[in-house]
Amino acid sequence: MSKKSSLGRGLSALIPKKEVEAGSGTQVQSLSLSLVTQAAYQPRQVFEAGALAELAQSIREKGVLQPLLVRPRGDAFEIVAGERRWRASQLAGLSEIPVIIRDLGDREALEIAIIENLQREDLGALEEARAYQALLDHGLNQEGVAQAVGKGRSTVTNALRLLTLPEAALKALDGGQISAGHARAILAQPEKDRAWALEQITTRGLNVREAEALKRESRAPQPIKVNPPRAYRQVELDLSRRTGTKVKITGEDKGKVEFNYASREELDRLLNLLGYEAEE
């Protein structure tokens, strides 16, 4: 089986079964916690304190049930998968931790770290997007990223689009003020209206459906009504008094004069006033 297809199957396809199961032989070793270092690239940025405390209590009672995957780094060993267990083990007061040691390159280590977090649904929307971007930065295209993490190409593409949000929206999504659904609704807005959409969502407490329905009213300038020059207005008044009907003059050097009438009789009266005589 090729490397790409095995990556798409998940973490178990990358690590032989005998290495995954604790107690299955010499592959699992105990290392001093002081020799284990934080991952150079950790897709998951948020480690909820309450969840870590619960895991630490479980470790005190039952130990670390699944070994960490680490790779040699100088005189120490860098975590590839299992940083939560490492952090919780520190909280639990352990001095040693079970590990599987594998010699992995940067991209393979990154792929495994992303897959482990995705399988446990530990990543937030932006963490996932940044993880995919990291794989792109390591030479994969979007199709390759999708195959590596076992996701659809459209899932990867939509996740990466979140990284194009305005900076304020990125901070709001990172901080939990808006959801990924809100973020996608913001991206559906014209670029000039995205900051406005974020403000509407956060200040009005809109849900995702309401955010999707947001539409900014057009602010196109309204035509300015230009009043006729004062002299023409006076002429309008004079003509209205003489003819007994409404008169309107539009234009300046060029234009038109309008007389209003409401019946054939009124039209005949106006024509007579203007000196028009119908031929017999």
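Placed above this text is the structure.
Residues numbered from 1 in each chain as written. Predicted model: local features only at pLDDT ≥ 70, side-chain atom pairs only at ≥ 80, totals over all residues. Heavy atoms only, no water.

J.: Even after reading the chapter, I still don't get the overall build of the protein, so can you show me in this structure?
T.: Within the protein one finds 15 helices and seven strands. Of all 280 residues assigned to the protein, the portion counted as buried reaches 37%. Across the protein, every contact between residues at least 6 apart in sequence was considered, and the portion connecting residues at least 24 apart equals 63%. On the protein, roughly 17,300 Å² of surface is accessible, and the fraction owed to carbon and sulfur atoms is 48%. (Helix = DSSP H or I, 4+ residues; strand = E, 2+ residues; numbered from the N terminus. Buried < 20%, exposed > 50% of the residue type's maximum accessible area, 1.4 Å probe, protein only. Contact = heavy atoms within 4.5 Å. Areas by Shrake-Rupley, 256 points an atom, 1.4 Å probe, with all protein chains shown as cover.)

J.: Just to check I follow, could you spell out the sheet that holds strand E1 (residues 28–32) for this structure?
T.: Within a sheet, adjacent strands bond to each other through the backbone by hydrogen bonds, running parallel or antiparallel. Ordered in space as E1-E5-E3-E4-E2, the five strands form an open sheet in which the pairing is mixed. At either end of the open sheet lies a strand with only one pairing partner, and these are E1 and strand E2 (36–37). Here five bridges tie strand E3 (residues 68–73) to strand E4 (residues 76–81), and the two strands are oriented antiparallel to one another. Within E4, the position partnered with Val70 by the bridge is Ile79. (Pairing = 2+ DSSP bridges.)

J.: In this structure, what is going on with the pairing of strand E5 (residues 96–101)? I would like to understand it.
T.: Inspection of the sheet shows E1 paired to E5 by five bridges, in the antiparallel sense. Opposite Leu31, over in E5, you have Ile97 as the bridge partner. Across three bridges, E3 lies against E5 in parallel orientation. Looking across to E5, one finds that Leu68 is bridged to Val99.

J.: In this structure, what is going on with the side chain of Thr245? I would like to understand it.
T.: For Thr245, the position within the fold is in the loop between helix H14 (230–243) and strand E6 (247–251). Judged by its relative accessible area of 10%, Thr245 falls in the buried class. Polar side-chain contacts of Thr245 include one of 2.3 Å to the backbone oxygen of Asn260. The contact partners of Thr245, leaving out residues within four places of it in the chain, are Ser240, Phe259, Asn260, Tyr261, Glu266 and Leu270. (Polar contact = N/O pair within 3.5 Å; in protein donor to acceptor, adjacent residues only side chain to side chain.)

J.: I keep staring at the pattern of salt bridges and nothing clicks. Help me out?
T.: The tally for this structure, following the rule as stated, stands at 12 salt bridges. Glu143 is the salt-bridge partner of Arg153, the closest N and O atoms lying 3.6 Å from each other. Separated by 10 residues along the polypeptide, Arg153 in helix H9 (residues 153–161) and Glu143 in helix H8 (residues 142–149) bring together distant segments of the chain. Judged by relative accessible area, Arg153 falls into the partly exposed class, the value being 43%. Residue Glu143 is classed as partly exposed on the basis of its relative accessible area of 35%. In this structure, the salt-bridge partner of Arg264 is Asp268, at a minimum N-O distance of 3.4 Å. Of this pair, Arg264 and Asp268 both sit in helix H15 (residues 264–273), separated by four residues, roughly a single helical turn. Accessibility expressed as a relative area gives 60% for Arg264, which makes it exposed. In this structure Asp268 comes out as partly exposed when scored by relative accessible area, which is 32%. Each of Arg71, Arg73, Glu78 and Asp106 takes part in a single network of salt bridges with overlapping partners. (Salt bridge = Lys/Arg side-chain N within 4 Å of Asp/Glu carboxyl O.)

J.: How should I be thinking about the nonpolar core in this particular structure?
T.: Buried together is how nonpolar side chains tend to be arranged in soluble globular proteins. Ranked by internal contacts, the top residues of the largest apolar core, which has 19 residues, are Leu162, Leu165, Leu173, Ile178, Ile186 and Ile201. Core analysis: the second largest hydrophobic core is formed by 17 residues, Val145, Val149, Val156 and Leu160 among them. (Core = buried A, V, L, I, M, F, W, Y, C linked by side-chain atoms within 4.5 Å.)

J.: Could you clarify how one ought to interpret helix H12 (residues 194–204) in this entry?
T.: Three or four residues apart is the spacing at which side chains of an α-helix point the same way, because the helix has 3.6 residues per turn. Residues of H12 that are buried include every one of Arg194, Trp196, Ala197, Leu198, Gln200 and Ile201, and no others. Check the buried side of H12 and you find it contacts helix H10 (167–174), helix H11 (180–187) and helix H13 (208–212). Taken from the residues just after H12, Gly205 is the one with a positive phi, measuring 65°.

J.: Looking at this structure, how should I read the packing of helix H7 (residues 125–137) against H9?
T.: Describing two packed helices takes the angle between their axes plus the distance from one axis to the other. Following both chains from N to C, one finds H7 and H9 inclined at 105°, their axes separated by 8 Å at the closest point. With respect to their mutual orientation, H7 and H9 come out roughly perpendicular. Residues Glu128, Ala129, Tyr132, Gln133 and Leu136 of H7 form the contact with H9, whose participating residues are Thr155, Val156, Ala159 and Leu160. By residue class, the composition of the contact of H7 with H9 is six nonpolar, two polar and one charged. (Axes fitted to C-alpha atoms, helices over the stretch in contact; angles between N-to-C directions. Parallel < 35°, antiparallel > 145°, perpendicular 65-115°, else oblique. Nonpolar A, V, L, I, M, F, W, Y, C, P; charged D, E, K, R; others polar.)

J.: Is there a simple way to explain the packing of helix H4 (residues 49–62) against helix H5 (residues 83–92) in this structure?
T.: One way to put it is that H4 packs onto H5 with a least axis distance of 8 Å and a crossing angle of 70°. By the angle class used here, H4 and H5 are roughly perpendicular. Between H4 and H5 the crossing geometry is right-handed. Of the residues in H5, those in contact with Ala51, Leu52, Ala53, Leu55, Ala56, Ile59 and Arg60 of H4 are Arg84, Arg85, Arg87, Ala88, Ser89, Leu91 and Ala92. For the contact of H4 with H5, the per-class residue count stands at nine nonpolar, one polar and four charged. (Left-handed = near helix turned anticlockwise from the far one by under 90°.)

That is the geometry; function is a separate question.
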